[in-house]
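# Tertiary structure, described
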Amino acid sequence: MSQTNQTLGEFIIENQTSFKYSSGELSRLINSIRLAAKVVNHEVNKAGLVDIIGNAGDTNIQGEDQQKLDVYANDKFIQTMTNRNIVCGIASEEEDDFITINSQDENHQNKYVVLIDPLDGSSNIDVNVSVGTIFSVYRRVTPVGTPVQIEDFLQKGVNQVAAGYIIYGTSTMLVYTTGDGVNGFTLNPAIGSYYLSHPNMQFPEDGRIYSVNEGNYTHFPRGIKDYIKYCQKEEGDRPYTSRYIGSLVSDFHRNMIKGGIYMYPKSSKSSNGKLRLLYECNPMAFLAEQANGKASDGYMRIMEIEPTELHQRVPFICGSKNMVDKAEEFMKNAES
Ligand code: P6P
């Protein structure tokens, strides 16, 4: 990790010319996410001390118990992006439908939509394991000046203009891309500033870590079973190491630094896997590809999948390019 003295704000200003749309809008967008992340980080870090963990007594559209921090994080990110007058619509894992944002004096003039998983891995909160926020940004495709529509959210991942995550771990980091590489910023909580600590993050082309919930092994497709056995076989640089935190952002982040593959495949229990295309797989796929990695559903590029609904799930295989290629090879061979 190379701690530089460059702050996130200085980095945005220095690089905004590389963002092909209006630079000011990008700055305001990333700054709103930066602010919300600091506020959520503060609550995540003290979750054990105050009555903010444990179920909020409600369940989200996924049928999952909503942890209080889920609700808190969702509200904070929506509130911050609304107040900063940047986006025309927001979709969230915690919201059944998308939210139209229209500050009265603007009359739907904002051009961006954001899709967010406000607190991924939230089941880890009350056991003190790191969790994360994932976000994905698109330009709207319906006319500016009109209320945002579902089509603005159901865009292929290749249309993303920015994506990133915040990982609330041993340190809090914001990792994001605007299509010109991936950079990681570490929060200095003492002064509330983020510093460029991981410039130009890259997946090693190969790795020796595989991340999958092997408890589901018997339910996996043949190709995934064969690939897992390949990872475990005593041969060459194998067996690989199995590391699965149960928090996508954490497993992804470690694999991007060390090299590795993360898999949440379809199974006989969940025909499309568990992860959501629009606010988990697409943003992580954008980051992976920008970091010389790869992301597929086992057969095709994640970012080419045509979305059909807001909360749709897809199988997800992501990480070091050569490892994803090998997993796809096993998937293909199992079909033949
Ligand atoms: P399982 C968290 O709920 C999440 O969406 C990802 O962050 C994580 O990798 C996965 O689900 C864990 O799911 O079924 O293995 O517990």
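In short, a report on the structure.

Reading the values: rules and limits
- Residues numbered from 1 in each chain as written.
- Predicted model: local features only at pLDDT ≥ 70, side-chain atom pairs only at ≥ 80, totals over all residues.
- Heavy atoms only, no water.
- Helix = DSSP H or I, 4+ residues; strand = E, 2+ residues; numbered from the N terminus.
- Buried < 20%, exposed > 50% of the residue type's maximum accessible area, 1.4 Å probe, protein only.
- Contact = heavy atoms within 4.5 Å.
- Expected span 1.5 Å × (residues − 1).
- Arc of directions from axis to C-beta.
- Pairing = 2+ DSSP bridges.
- Axes fitted to C-alpha atoms, helices over the stretch in contact; angles between N-to-C directions.
- Polar contact = N/O pair within 3.5 Å; in protein donor to acceptor, adjacent residues only side chain to side chain.
- Phe/Tyr/Trp six-rings, centres within 6.5 Å; stacked < 30°, edge-to-face > 60°.
- Lys NZ or Arg CZ within 6 Å of the ring centre and 35° of its normal.
- Near = heavy atom within 4 Å.
- Areas by Shrake-Rupley, 256 points an atom, 1.4 Å probe, with all protein chains shown as cover.
- Nonpolar A, V, L, I, M, F, W, Y, C, P; charged D, E, K, R; others polar.
- Patch = residues over 30% accessible without salt bridge, like charges linked within 9 Å, V, L, I, M, F, W, Y side chains within 5 Å.
- Salt bridge = Lys/Arg side-chain N within 4 Å of Asp/Glu carboxyl O.
- Core = buried A, V, L, I, M, F, W, Y, C linked by side-chain atoms within 4.5 Å.
- Domains from an automatic or database assignment.
- Parallel < 35°, antiparallel > 145°, perpendicular 65-115°, else oblique.

### Brief notes about the overall build of the protein
Of the regular secondary structure elements, the protein holds 7 helices and 15 strands. Expressed as a percentage of its 336 residues, the buried residues of the protein come to 55%. Expressed as a percentage of contacts within the protein between residues at least 6 apart in sequence, the contacts between residues at least 24 apart total 67%.

### A closer look at helix 7 (residues 321-335)
Here helix 7 is 15 residues long and its end C-alpha atoms lie 21 Å apart, about the 21 Å a rise of 1.5 Å per residue gives. What helix 7 keeps buried is the set Met323, Val324, Ala327, Glu328, Phe330 and Met331. Down the axis of helix 7, the sector holding all buried residues measures 155°, keeping them to one side. Residues of helix 7 that are buried sit in contact with strand 11 (209-211), helix 4 (222-232), strand 13 (261-264), strand 14 (293-296) and strand 15 (316-320).

### Quick word on the sheet that holds strand 8 (residues 172-177)
Strand order in this open sheet of 8 strands is 4-3-5-6-7-8-9-10, and the pairing throughout is mixed. Every interior strand has two partners, whereas the edge strands, strand 4 (99-100) and strand 10 (193-198), have only one. Pairing of strand 7 (residues 162-168) with strand 8, which is carried by 6 bridges, proceeds in the antiparallel orientation. Within strand 8, the residue paired with Tyr168 across the bridge is Thr172. Of the strands in this sheet, strand 8, strand 9 (182-188) and strand 10 touch helix 1 (residues 8-15), which is tilted by about 10° from strand 8.

### Quick look at the environment of Tyr112
Tracing the backbone shows Tyr112 in strand 5 (residues 112-120). Here the alpha-carbon distance between Tyr112 and Ile86, two residues 26 residues apart in the chain, equals 7.0 Å. Here Arg139 takes part through its side chain, which lies 3.4 Å from a polar atom of the side chain of Tyr112.

### Some words on unusual backbone geometry
Look at the link from Arg238 to Pro239: it is a cis peptide, with omega at 15°. On the secondary structure map, Pro239 appears in the loop between helix 4 and strand 12 (241-242). Not every positive phi belongs to a glycine, and Asn128 is a case in point at roughly 65°. Under the relative-accessibility criterion, Asn128 is labelled exposed at 75%. The backbone of Asn292 shows a phi angle near 70°, a positive value even though the residue is not glycine. Locating Asn292 in the fold gives a position in the loop between helix 6 (277-290) and strand 14. Among the residues examined, Asn292 registers a relative accessible area of 30% and is labelled partly exposed.

### Notes on the packing of aromatic side chains
Under the counting rule described, the total for this entry stands at 11 aromatic pairs. Plain terms: the ring middles of Tyr230 and Tyr240 are 6.4 Å apart, the flat faces sit at 80° to each other, and that makes the pair edge-to-face. Taken together, the residues span a long stretch of sequence, with Tyr230 in helix 4 and Tyr240 in the loop between helix 4 and strand 12 at a distance of 10 residues. An identical accessibility class is assigned to Tyr230 and Tyr240; each is buried. Taken together, Tyr227, Tyr230, Tyr240 and Phe330 form an aromatic cluster joined through their ring pairs. When the ring centre of Tyr217 is taken as origin, the NZ or CZ atom of Lys229, which lies over that ring, is 5.1 Å away.

### Some points on the site of the ligand
By nearness alone, 13 residues border the ligand, and Asp120, Tyr244, Leu248, Tyr262 and Tyr264 come closest of all. Tyr244 places a side-chain nitrogen or oxygen 2.6 Å from an oxygen atom of the ligand. Here the ligand, which alone exposes 400 Å², has 82% of that area covered by the protein. For the shell around the ligand, a count of residues per class yields 5 nonpolar, 4 polar and 4 charged.

### Concerning a nonpolar patch on the surface
Nonpolar side chains collect at one region of the surface, where Val127, Val129 and Ile245 lie side by side and expose about 210 Å² of accessible area between them. Checked against the element boundaries, Val129 lands in the loop between strand 5 and strand 6 (131-139). Val129 gets classed as partly exposed once you look at its relative accessible area, which sits at 30%.

### A closer look at the nonpolar core
Counting 43 residues, the largest nonpolar core has Tyr165, Phe252, Met256, Met284, Ile302 and Phe316 as its most contacted members. Here the element with the most residues in this core is helix 6; it accounts for 9 residues. Split by domain, this core shows at least three residues from each of two domains, domain 1 (8-198) and domain 2 (209-335). In this structure, Met284 is in contact with Ile134, Tyr165, Leu248, Val249, Phe252, Phe316 and Cys318, ignoring residues within four places of it in sequence.

### Structural notes on the packing of helix 5 (residues 248-258) against helix 6
When two helices pack together, you describe them by how their axes are tilted relative to each other and by the distance separating the axes. Where helix 5 meets helix 6, the closest approach of the two axes is 12 Å, and the angle between their N-to-C directions is 10°. Taken together, the axis directions place helix 5 and helix 6 in an arrangement best described as roughly parallel. Every residue of helix 6 that contacts helix 5 at Leu248, Val249 and Phe252 is listed here: Glu280, Met284, Leu287 and Ala288. Per-class residue counts for the contact of helix 5 with helix 6 are 6 nonpolar, no polar and 1 charged.

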